[in-house]
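# Breakdown of the fold
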Amino acid sequence: MPGSAKRLTKLTVAIMLGVVASLATVDFADARRGGGAGFGSRGARTYQAPAPTRTAPNNAAPIERSMTPNPGPQTSRPAAGAPNAAAAQRSGGMFGNFGRSMLGGLLVGGLIGMLLGNGLGGLAGMFGLLLQVAVIALVAMFIMRMLANRKQAAVGAGAGAGNVGPQGFGSSQPFGAAKTAASQAGSGARTPSVNPFEQKATASAAPAVEDEPIEVGQSDLDRFEEMLSEIQEAYGREDYAALRGLTTPEAMSYLAEELGEIASSGKRNEVKDVKLLQGDISEAWREGDVDYATVAIRYSSIDVMLDRNTGAVVEGDPETPSESVEVWTFTRKAGGAWMLGAIQGTE
């Protein structure tokens, strides 16, 4: 009987340690997937979610690397239902980051202490440990839910006081469709020109700072399509001079950082045969003398990772194009040339 109890104790310890290790692995994997987060600047809208479009109907990944100061969550314009989801994500789930850290520290510390000390003390000690963990978990869950309910009630009261809610965006239409419809009324039906980009008519809530909407012409859309290929291929060639001429200094610093990290790992990212498949204007506005245009783009490309010394393919398919959906923000000052200011992945 004592031998069976000892084997059961060892098995329980192994299972609990395995659970702790798996949780740590999941957290590490989630951290590594942060590569899809955005970088750069969108002016006063840097930390606001861009308007969804047909090309990118899902939320764009938030900008996490930017030199623009974060004014706080009060100036954000999330979609309907986003505040609760964002708050839940920041809180880290049911227990929150603090609760998870406390429980994880207690569990790991207790296991290590008992393994280095006198063991679990038989079945009674083992069940006592499990009971303590369960009680602490229930107390932490109760406290976190109580705090979450208070925060939700405060947010609801503030929203009701101002009678302000998220406003929907208008439906997408081909860029220049209104002009074509007007001309058809006087001269008969005409076939509208086909272009990958589509203008997004929006009725967004007022941003935190004064700005004004601007029109993005067909020549601007054509330039965005050209810049998509030029920037991607310059990145694949590690052509820093070409990238500096196409991006803002801030965006260039992040691209150079990524290229440096790839090079230090002994690899090289080759990007070629870039082709725009679909595009939408999400937002276009002016702040002072600076224009911004946020564009959702879906494109295909040959994107592979090569060994820096041998040229052998390490990741990707050198023969089959892959598709990507991203949100790019272009900016220009006082009617100058457009520059890439920010890139965001899609969730």
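Up top is the structure these notes are about.
Okay, so let's go over this structure. (Residues numbered from 1 in each chain as written. Predicted model: local features only at pLDDT ≥ 70, side-chain atom pairs only at ≥ 80, totals over all residues. Heavy atoms only, no water.)

### Structural notes on the nonpolar core
Ranked by internal contacts, the top residues of the largest apolar core, which has 33 residues, are F224, W328 and F330. Of all the secondary structure elements, the ones that give two or more residues to this core are α6 (218–237), α8 (249–264), β6 (267–287), β7 (290–307), β9 (322–333) and β10 (339–345). Ranked by residue count, the leading element in this core is α6, at seven residues. Look past the residues within four positions of W328 in its chain and what remains in contact with it is M227, L228, I231, Q232, A293, T294, V295, I297, L340, A342 and I343. (Core = buried A, V, L, I, M, F, W, Y, C linked by side-chain atoms within 4.5 Å. Buried < 20%, exposed > 50% of the residue type's maximum accessible area, 1.4 Å probe, protein only. Helix = DSSP H or I, 4+ residues; strand = E, 2+ residues; numbered from the N terminus. Contact = heavy atoms within 4.5 Å.)

### Some remarks on unusual backbone geometry
Phi at E238 is positive, roughly 60°, even though this residue is not glycine. Within the secondary structure layout, E238 lies in the loop between α6 and α7 (240–244). Positive phi, normally seen in glycine, also occurs at D273, with a value near 55°. Note on placement: D273 falls in strand β6. The class for D273 is exposed, based on a relative accessible area of 53%.

### What to know about the side chain of Q232
Its place among the elements puts Q232 in helix α6. Q232 sits in the buried class, given a relative accessible area of 11%. A polar contact of 2.8 Å, which involves the side chain of Q232, links it to the side chain of Y299. In contact with Q232, not counting residues within four places along its chain, are V271, V274, Y299, E326 and W328. (Polar contact = N/O pair within 3.5 Å; in protein donor to acceptor, adjacent residues only side chain to side chain.)

### Digging into the pattern of salt bridges
Enumeration over the complete set of coordinates arrives at 16 salt bridges. For E257, the salt bridge is made with R65, and the minimal N-O distance between the two is 3.6 Å. Of this pair, E257 sits in helix α8 while R65 sits in strand β2 (residues 63–65), placing them 192 residues apart in sequence. Of the residues examined, E257 reaches a relative accessible area of 38% and is grouped as partly exposed. (Salt bridge = Lys/Arg side-chain N within 4 Å of Asp/Glu carboxyl O.)

### Thoughts on the packing of aromatic side chains
Two measures describe an aromatic ring pair: the distance that separates the ring centres and the angle between the ring planes. Enumeration over the complete set of coordinates arrives at five aromatic pairs. A ring pair is formed by F39 and Y254, whose centres lie 5.7 Å apart and whose planes are at 55°; its orientation type is tilted. One end of the pair, F39, is in strand β1 (residues 38–40); the other, Y254, is in helix α8, and 215 residues separate them in sequence. Look at Y254 and you get buried, because its relative accessible area is 10%. Taking 5.1 Å as the distance between ring centres and 15° as the angle between the ring planes, the aromatic pair formed by W285 and Y292 counts as stacked. Classification of W285 by relative accessible area gives buried; the value is 0%. By relative accessible area, Y292 is classed as buried at 11%. Taken together, F224, W328, F330 and W338 form an aromatic cluster joined through their ring pairs. Over the ring of W285 we find R45; its NZ or CZ atom is 4.3 Å from the centre of that ring. (Phe/Tyr/Trp six-rings, centres within 6.5 Å; stacked < 30°, edge-to-face > 60°. Lys NZ or Arg CZ within 6 Å of the ring centre and 35° of its normal.)

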